[in-house]
Amino acid sequence: MTQQPAPPPDRGALRAAIEGLLRTCVDLERQADGAATDARKRVRRIAETVAAVRLPRHVLDVPALAQQVDGLGRHLDADLRGRLASARQPYVTEIHALLALLAPWHGLAALPPLGPAAPGAALTDHFPTGFAQDYVIDLLGSVDASVALTPQAADQVPVAREDASDAVPILVGDQLHEDHRQMGVDMLQDGASHAVQRHGPHIAPETQLARLLWLKDPSGDEPWRLLPNGGVESNHWCGPIAGGFTSAEAMAKPIDALLRWARVHAGGLNGLLTNNTKSKTKRISIYVSAESAGLVPGDANGYRGTATSSRAMTDDWLDAREHAMAHGAPPIYAVPYDPIAEGKEPGAFFQFKRVGASSWSLVTCFPVGERNLNCKRMEDLT
Amino acid sequence: MTSPSENFKDHFGGGFGVADETPEAYVEACEEALEMLADDDDGSYHAFRDELAAHIRDSSYPPHRVADSQWITDEWLRNIWYDAFGPEPPPGDPYPVPAEDWGRRRRTPYMMYAVNRRPELSSPGAPAWLKARGLTFDDVNAGVGVSLTGQFASARPAPEGWLERLHDLTARGLREEQPGER
């Protein structure tokens, strides 16, 4: 009987394992810096985190590594700092091996081998320059700010109150120019729109976090439940960023800018959208820059996935989320994100869908840090 | 093919190119592709499809971010092509994906968003989409967790001679050179 080839690791599991091990490393080093009164407890927690990583034994011997970490906890009264380099080595070796397995998804066939690191070298210096080091730098950069939620904690996160949600279009309308106030309110109240339901100022940050990490619909309309195996099932969808406007005033800014532009240049929104689409086009995506809208830092908040600075890294993170949804662990992480303050090309993303030959409904409107090149710029529409 | 045309951006920006922002629009765009081809009075949708094939052939769709390589960008476009038009590779694709990989070794954005563990939690259009591609929910979901096949799911490193190919395409004026290609 021929032997079956060993199953390959799942992309999302690899990404989660790399992030988990790297965070373990950081945690270890902080203990070495002192204040290790509860060190044994922390190390036990780390060991549990490592044990939650699901990878085939030939890829990463998780139980052995978890035991190694646990063993470390028993000796923490001794001077860990003196043994830091050797304590770190197994992690560095494993993380490098896992990055090599992830590399093909980044278009790379092989990674340079680990070289010897100078005594006292920073953690990042252990990794060869290029893909491996860049990835580690990106992950380490998010460790301090990042947060996670257990599925149980996500379950406890309240969904937005319906009466608060219902009030938003009126509050936004109060901020709009009277010539297009009703248009703006109608747009936000349209059943096709989820701008308010997903990005309204009444949605608490933790509700955005539960949306991003565990696909929990902020409005509570779409099914979401914990599974007996620890995972979660949902039919809500979300990309690698979740967030919205911090006030009705902020939400009104890009809407007012777009409706004003439409009124001046095309006699109204329906005209503007119809003029700038093919007759059969079903949807149009528009970018309004922060400058045109008057959006400023603090007008937006939310979360984005950690280490998502390229297409492939974003897909790693999305796969890790899918893996976590299926198994409930290991955790995935997000960092607080104000796209207007932190983005390279901040603004607002709009999408409309055609509902008639020359009539349109708002689908969504939310703040973004980058302009997707496939959106139309408001200023290019006439 | 050189940079994306306005017609291309019109169609691409309505869904295929904005999955991170609005997964729903991406899924809708995939599910309505056949209808768009059939009902295309002005020919703009066929022109869009032909241009997508040309961008894959000539590596001429520029990466969105500097950290994105042309290879990863082209692989992303191949996934979109499959999600919209099925397993027949785009005409002229120099690195076609083996048809049997789709949904088994290789997952796409449509599979991630629209195909959930149970049909009730999936896009209403998912059963028809899967059927048209000869796939089942189980096929696609086997890729979540640990794949059962002996190969990497969806991972194809850039092939030998890839940079030389890009240089040649650039020299022939078919694409713009991107950062990091020298």
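Calculation notes
- All residue numbers refer to positions counted from 1 along the written sequence of the respective chain.
- Note on labels: chains are lettered from A, ligands numbered from 1, in written order.
- Per-residue local features of the predicted model are confined to residues with pLDDT of at least 70, and side-chain atom pairs are confined, for both listing and counting, to 80 or more; whole-chain, interface and lining totals are unaffected and use all residues.
- Note that the side-chain values use all heavy atoms of the structure and ignore hydrogens as well as water.
- Contact between two residues is taken to exist if any of their heavy atoms lie within 4.5 Å; hydrogens are not considered.
- Two parts placed together each lose some accessible area under a 1.4 Å probe, and adding up what both lose gives the buried area.
- One speaks of a salt bridge when a side-chain nitrogen belonging to Lys or Arg is within 4 Å of a carboxyl oxygen belonging to Asp or Glu.
- Nitrogen and oxygen atoms within 3.5 Å of one another constitute a polar contact, given that in protein one can donate a hydrogen and the other can accept it, and given that sequence-neighbouring residues count only through two side-chain atoms.
- Helix and strand assignments come from DSSP, with helices taken as H or I runs of at least 4 residues and strands as E runs of at least 2, each series counted from the N terminus.
- The angle between two axes is taken between their N-to-C directions and runs from 0 to 180 degrees, where each axis is a line fitted to C-alpha atoms and a helix contributes only its stretch in contact.
- Two helices cross in a left-handed way if the nearer one is turned anticlockwise from the farther one by less than a right angle. They cross in a right-handed way if the turn is clockwise.
- The buried label applies to any residue whose accessible area, calculated with a 1.4 Å probe on protein chains only, is under 20% of its type's maximum; exposed applies above 50%, and partly exposed to all values in between.
- Strand pairing follows a simple DSSP-based rule, namely that at least 2 bridges must link the two strands.
- Stacked, tilted and edge-to-face pairs are distinguished by plane angle, under 30 degrees for stacked and over 60 for edge-to-face with tilted covering the rest, among Phe, Tyr and Trp rings (Trp via its six-membered ring) whose centres lie within 6.5 Å.
- The definition of a nonpolar core used throughout is a set of buried Ala, Val, Leu, Ile, Met, Phe, Trp, Tyr and Cys residues joined through side-chain atoms within 4.5 Å.
- A helix is expected to reach a length of 1.5 Å times the quantity of its residues less one.

1. What to know about the interface of chain A and chain B
Here is step 1 of the chain: The interface of chain A with chain B comprises 53 residues on the first partner and 59 residues on the second.
Here is step 2 of the chain: A combined buried area of about 4800 Å² lies between chain A and chain B, and 53% of that area is made up of carbon and sulfur atoms.
Here is step 3 of the chain: Of all residues in chain A, A:Trp237, A:Arg283 and A:Asn374 give up the largest surface area on contact with chain B, accounting jointly for 17% of the area buried on that side.
Here is step 4 of the chain: Our count for the chain A to chain B interface comes out at 13 salt bridges.
Here is step 5 of the chain: The partner of A:Lys353 in a salt bridge is B:Glu28, with the nearest N and O atoms 3.8 Å apart.
Here is step 6 of the chain: Linking chain A to chain B there are 26 residue pairs in polar contact (both at pLDDT 80 or more).
Here is step 7 of the chain: Elements represented by at least two residues in the side of chain A that touches chain B include exactly β2 (232–234), β4 (283–289), α14 (311–327), β7 (347–356) and β8 (359–368) of chain A.
Here is step 8 of the chain: Here the side of chain A that touches chain B takes 11 residues from α14(A), the largest share from any one element.

2. Some words on the packing of helix α7 (residues 162–173) of chain A against helix α11 (residues 248–266) of chain A
Residue and element names in this part refer to chain A.
Here is step 1 of the chain: Relative to each other, α7 and α11 sit at 65 degrees, their axes nearing to 8 Å. Handedness of the α7/α11 crossing: right-handed. Contacts from Val-168, Leu-171 and Val-172 in α7 reach Ala-248, Met-251, Ala-252 and Ile-255 in α11.

3. Some thoughts on the pairing of β7(A)
Residues and elements named next belong to chain A.
Here is step 1 of the chain: By the criterion of burial, β7 is predominantly enclosed, with seven of the 10 residues buried.
Here is step 2 of the chain: Bridge count between β4 and β7: seven bridges; the pairing is antiparallel. Residue pairing for β7: Ser-289 is matched across the bridge by Gly-347.
Here is step 3 of the chain: Sheet topology places β7 next to β8; nine bridges connect them, and they run antiparallel. Within β8, the residue paired with Gly-356 across the bridge is Ser-359.
Here is step 4 of the chain: The loop that links β7 with its antiparallel partner β8 comprises two residues.

4. Let's talk about the packing of aromatic side chains
Residues and elements named next belong to chain B.
Here is step 1 of the chain: If you walk through the whole model with that rule in mind, you get 23 aromatic pairs over all chains.
Here is step 2 of the chain: Between Phe-8 and Phe-48, the ring centres sit 5.2 Å apart and the planes meet at 40 degrees, which makes this aromatic pair tilted. Linking Phe-8 in helix α1 (residues 6–12) with Phe-48 in helix α4 (residues 44–58), this pair joins segments that are 40 residues apart in sequence.
Here is step 3 of the chain: For Phe-8, a relative accessible area of 0% puts it in the buried group.
Here is step 4 of the chain: Judged by its relative accessible area of 0%, Phe-48 falls in the buried class.
Here is step 5 of the chain: Look at Tyr-45 and Phe-48: their rings are 5.5 Å apart centre to centre, the planes differ by 50 degrees, and that puts the pair in the tilted class. A residue pair is termed a helical-turn pair when its members lie 3 or 4 positions apart in one helix, as Tyr-45 and Phe-48 do in helix α4 at three residues. Of the two residues examined, Tyr-45 and Phe-48, each falls in the buried class.

5. Quick notes on the environment of B:Ser5
Residue and element names in this part refer to chain B.
Here is step 1 of the chain: Along the polypeptide, Ser-5 turns up in the segment before α1.
Here is step 2 of the chain: Judged by its relative accessible area of 25%, Ser-5 is partly exposed.
Here is step 3 of the chain: Separated by 43 residues in sequence, Ser-5 and Phe-48 place their C-alpha atoms 8.8 Å apart.
Here is step 4 of the chain: Side chain to side chain, Ser-5 and Glu-51 meet in a polar contact 2.6 Å long.

6. Points about the pairing of β4(A)
All names here are of chain A.
Here is step 1 of the chain: Counting buried positions over the seven residues of β4 gives seven, a clear majority of the element.
Here is step 2 of the chain: Here β4 shows a buried face lined by Arg-283, Ser-285, Tyr-287 and Ser-289 and a second buried face lined by Ile-284, Ile-286 and Val-288.
Here is step 3 of the chain: Sheet topology note: the β4/strand β9 (residues 376–377) ladder contains two bridges and is parallel. Across the sheet, residue Tyr-287 finds its bridge partner in β9, namely Arg-377.

7. Considerations on the side chain of B:Asp83
Here is step 1 of the chain: Structurally, the position occupied by B:Asp83 is in helix α5 (residues 70–85).
Here is step 2 of the chain: Setting aside its immediate chain neighbours within four residues, B:Asp83 contacts B:Tyr26, B:Cys30, B:Thr108, B:Pro109, B:Tyr110, B:Trp129 and B:Arg133.

8. As for the nonpolar core
Here is step 1 of the chain: A:Trp214, B:Phe12, B:Phe16, B:Phe85 and B:Tyr110 are the most contacted members of the largest nonpolar core, which has 61 residues in total.
Here is step 2 of the chain: Here this core gets seven residues from one element, more than from any other, and that element is α5(B).
Here is step 3 of the chain: In terms of nonpolar packing, the next biggest core, distinct from the first, is built from 37 residues, A:Ile255, A:Ala300, A:Met378 and A:Leu381 among them.

9. Some remarks on the sheet that holds β7(A)
All names here are of chain A.
Here is step 1 of the chain: As summarised here, the arrangement of the four strands in space is β8-β7-β4-β9, forming an open sheet in which the pairing is mixed. The two strands at the open ends of the sheet, each matched to only one other strand, are β8 and β9.
Here is step 2 of the chain: Here α11 sits on the sheet and contacts β4, β7 and β8; the angle it forms with β7, its principal contact strand, is near 55 degrees.

10. Some words on the sheet that holds strand β5 (residues 300–305) of chain A
Residue and element names in this part refer to chain A.
Here is step 1 of the chain: With antiparallel pairing, three strands are arranged side by side in an open sheet as β3-β5-β6. Each edge of the sheet is formed by a strand with only one pairing partner; in this case those strands are β3 (241–245) and β6 (334–336). Taken over all neighbouring pairs, the strand axes of this sheet differ in orientation by 10 degrees on average, direction set aside.
Here is step 2 of the chain: Here three bridges tie β5 to β6, and the two strands are oriented antiparallel to one another. For Gly-305, the partnering residue across the bridge sits in β6 and is Ala-334.
Here is step 3 of the chain: Packed on one face of the sheet, helix α10 (residues 205–214) meets β3, β5 and β6 and runs near 30 degrees to β5.

11. Considering α14(A)
All names here are of chain A.
Here is step 1 of the chain: With 17 residues, α14 should cover 24 Å at 1.5 Å per step; its first-to-last C-alpha distance of 24 Å lies within 8% of that length.
Here is step 2 of the chain: In terms of residue burial, α14 counts as a mostly covered element, since 15 of its 17 residues are buried.
Here is step 3 of the chain: Positive phi appears at Gly-328, one or two residues downstream of α14, with a value of about 85 degrees.

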